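# Structural overview for review
So you can see what is in the structure, the chains are spelled out below.
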Amino acid sequence: MCTYFKIKKQLDRFSVDVEYSFDKGVLVIQGESGAGKTTVLNCISGLKQPDEGKVIIEEQLVFDGKTNIPVRNRQVGYLFQNYALFPNMTVEKNVTYGIKNKKEYRDREKRKELLDYADYIMETFGITHLKKRYPGNISGGEKQRVALARAIVTQPRLLLLDEPFSALDVKTKEVVYEEFAAFKETLGIPTILITHDPRESELFADHRIFMKDGTIQEQ
């Protein structure tokens, strides 16, 4: 099941012009700040529209100019740099937010399966005890776990991670690295990970590209 993107998008200083495909594992995108890496993720997810190009997720065409499937229907999990948790929702409601938008949620039996899976994910990430707390009352490492759980719990076809570990202290990073490595093997969700950290690239990359000024310099 292939994920493919060919994206052209004009920015202020340069034009993003990239093309790549991979079938499984983790694609790591490295490069300096402002190289266009986040623009690539935004175009894949549907948050931004490429000026031209094509995006295919698990064999489904989601964008080619004529076709432009909305964000909510692309089945993409996105973990933003700032986590983007809803401050007025509890941890539990943040994690289950995407589930409640799935059409399967209307069926009583499927709803129970989805909520049981959410409980499993929260337990695995060690955040069950935080269920009734709000994002403003938990640590940075806990916020990161909640955001990653929210991205995974909808069982996306593609997972997009934008510098997901950058705000964590060294000790917390090591714990989260282990958790993410386990989920990488267990769930097998094709993932695109943006990172500046060479160690993260070495730990997780099955494929790797380096971007500069909107283009792929090395792969």
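Refer to the structure above for everything that follows.
For the structure given in this document, a descriptive report is provided here. Values in this document were obtained by computation on a predicted structure and should not be read as measured data. Residue numbers here run from 1 along each chain, matching the order of that chain's written sequence. In keeping with the predicted nature of the model, local features appear solely for residues at pLDDT of at least 70, side-chain atom pairs appear and are counted solely at 80 or more, and the whole-chain, interface and lining totals rest on all residues. To get the side-chain values, take all heavy atoms of the structure and skip hydrogens and water.

### Some thoughts on the overall build of the protein
- Working definition: helices are DSSP H or I runs of at least four residues, strands are E runs of at least two. Numbering for both runs from the N terminus. Assigned secondary structure in the protein consists of six helices and ten strands.
- Our radius of gyration looks at C-alpha atoms and nothing else; its globule reference is 2.2 Å times the residue count to the power 0.38. Against the compact-globule benchmark of 17 Å for 219 residues, the protein has a radius of gyration of 17 Å, which places it among compact chains.
- Buried residues are those whose accessible area, probed at 1.4 Å on protein chains only, stays under 20% of the maximum for their type, while exposed residues exceed 50% and partly exposed ones sit between those limits. Counting all 219 residues of the protein, 47% fall into the buried class.
- For the protein, contacts bridging at least 24 residues in sequence account for 69% of all contacts bridging at least 6.
- With an accessible surface of roughly 11,300 Å², the protein has 46% of that area assigned to carbon and sulfur atoms.
- Taken as two groups, the 33 positive and 32 negative side-chain charges of the protein have centres that lie 6 Å from each other. Throughout, a residue-residue contact means that at least one pair of heavy atoms, one from each residue, lies within 4.5 Å. Note on areas: Shrake-Rupley with a 1.4 Å probe; residue coverage comes only from the protein chains shown. When charges are counted, neither His nor the chain ends are considered; positive counts come from Lys and Arg and negative counts from Asp and Glu. Throughout, a charge is located at the NZ atom of Lys, the CZ atom of Arg, the CG atom of Asp or the CD atom of Glu.

### Here's the deal with the pairing of strand E7 (residues 158–162)
- Of all the five residues making up E7, five are buried; the element is thus mostly covered by neighbouring parts of the structure.
- Residues Leu-158, Leu-160 and Asp-162 point to one face of E7 and Leu-159 and Leu-161 to the other, with burial holding for every one of them.
- Two elements, strand E6 (residues 76–79) and E7, share four bridges in a ladder whose sense is parallel. What sits directly across from Val-76, in E7, is Leu-158.
- A pair of strands is treated as paired once DSSP finds two or more bridges between them. When E7 meets strand E8 (residues 191–194), the two strands line up parallel, connected through four bridges. The residue of E8 that forms the bridge with Leu-159 is Thr-191.

### Observations regarding the sheet that holds strand E4 (residues 52–57)
- Here we have four strands laid out as an open sheet, ordered E2-E1-E4-E5, and antiparallel in their pairing. In the strand order of this sheet, the two ends are held by strand E2 (15–22) and strand E5 (60–63), each with one partner. On average, each strand axis in the sheet is inclined to that of its neighbour by 20°, with strand direction left out of account.
- Sheet analysis places strand E1 (residues 3–10) next to E4, joined by five bridges and oriented antiparallel. Residue pairing for E4: Phe-5 is matched across the bridge by Val-55. The axes used here are C-alpha line fits, helices contributing only the stretch in contact, and every angle between their N-to-C directions lies in the interval 0 to 180 degrees.

### Digging into the packing of helix H4 (residues 140–153) against helix H5 (residues 170–187)
- Where H4 contacts H5, the axes come no closer than 11 Å and their chain directions differ by 10°. One element, H4, and the other, H5, form an angle in the roughly parallel class. Only Thr-172, Val-175, Val-176, Glu-179, Phe-180, Phe-183 and Leu-187 of H5 make contact with H4, whose side of the interface consists of Gly-141, Gln-144, Arg-145, Leu-148 and Ile-152.
- Residues are grouped as follows: Ala, Val, Leu, Ile, Met, Phe, Trp, Tyr, Cys and Pro are nonpolar; Asp, Glu, Lys and Arg are charged; all remaining types, including Gly, are polar. Of the residues assigned to the contact of H4 with H5, the class counts are seven nonpolar, three polar and two charged. With respect to orientation, any angle under 35 degrees is reported as roughly parallel, any angle over 145 as roughly antiparallel, any angle of 65 to 115 as roughly perpendicular, and every other angle as oblique.

### Topic: unusual backbone geometry
- Positive phi, close to 50°, is recorded for Glu-163, a residue that is not glycine.
- Residue Glu-163 is classed as buried on the basis of its relative accessible area of 7%.
- Of note, the phi angle at Asp-213 is positive, near 50°, even though the residue is not glycine.
- Secondary-structure assignment places Asp-213 in the loop between strand E9 (207–212) and strand E10 (215–218).

### Examining the pairing of E5
- Relative to E5, E4 runs antiparallel, the two being bridged by three bridges. Residue pairing across strands places Val-55 opposite Phe-63, the latter belonging to E5.
- In sequence, E4 turns back onto E5 through a hairpin of two residues, with Glu-58 there showing a positive phi of about 50°.

### Overview of the environment of Thr-128
- Looking at the element boundaries, Thr-128 is found in the loop between helix H3 (108–124) and H4.
- Once the C-alpha coordinates of Thr-128 and Ala-118 are considered, the two residues, ten residues apart in sequence, prove to be 10.0 Å apart.
- Once you skip the residues sitting within four places of it in the chain, Thr-128 turns out to touch Asp-119, Met-122 and Glu-123.

### A word on the packing of aromatic side chains
- Pairing of aromatic side chains requires ring centres within 6.5 Å, counting the rings of Phe and Tyr and the six-membered ring of Trp. Pairs whose planes differ by under 30 degrees are stacked, by over 60 edge-to-face, and all others tilted. Counted according to the given criterion, the structure contains nine aromatic pairs.
- Taking the centre distance of 4.2 Å and the plane angle of 10° together, the rings of Tyr-78 and Phe-80 count as stacked.
- Between the aromatic rings of Tyr-177 and Phe-204, the centroid separation amounts to 5.8 Å while the plane-to-plane angle is 75°, which identifies the pairing as edge-to-face. Separated by 27 residues along the polypeptide, Tyr-177 in helix H5 and Phe-204 in helix H6 (residues 198–204) bring together distant segments of the chain. A single burial state applies to Tyr-177 and to Phe-204, both of which are buried.
- Aromatic rings pair up to connect Phe-165, Tyr-177, Phe-180 and Phe-204 into one cluster.
- The rule for a charge over a ring is simple: NZ of Lys or CZ of Arg within 6 Å of the ring centre, and within 35 degrees of the ring normal. The ring of Phe-86 carries the charged tip of Arg-150 above its face, separated from the ring centre by 5.4 Å.

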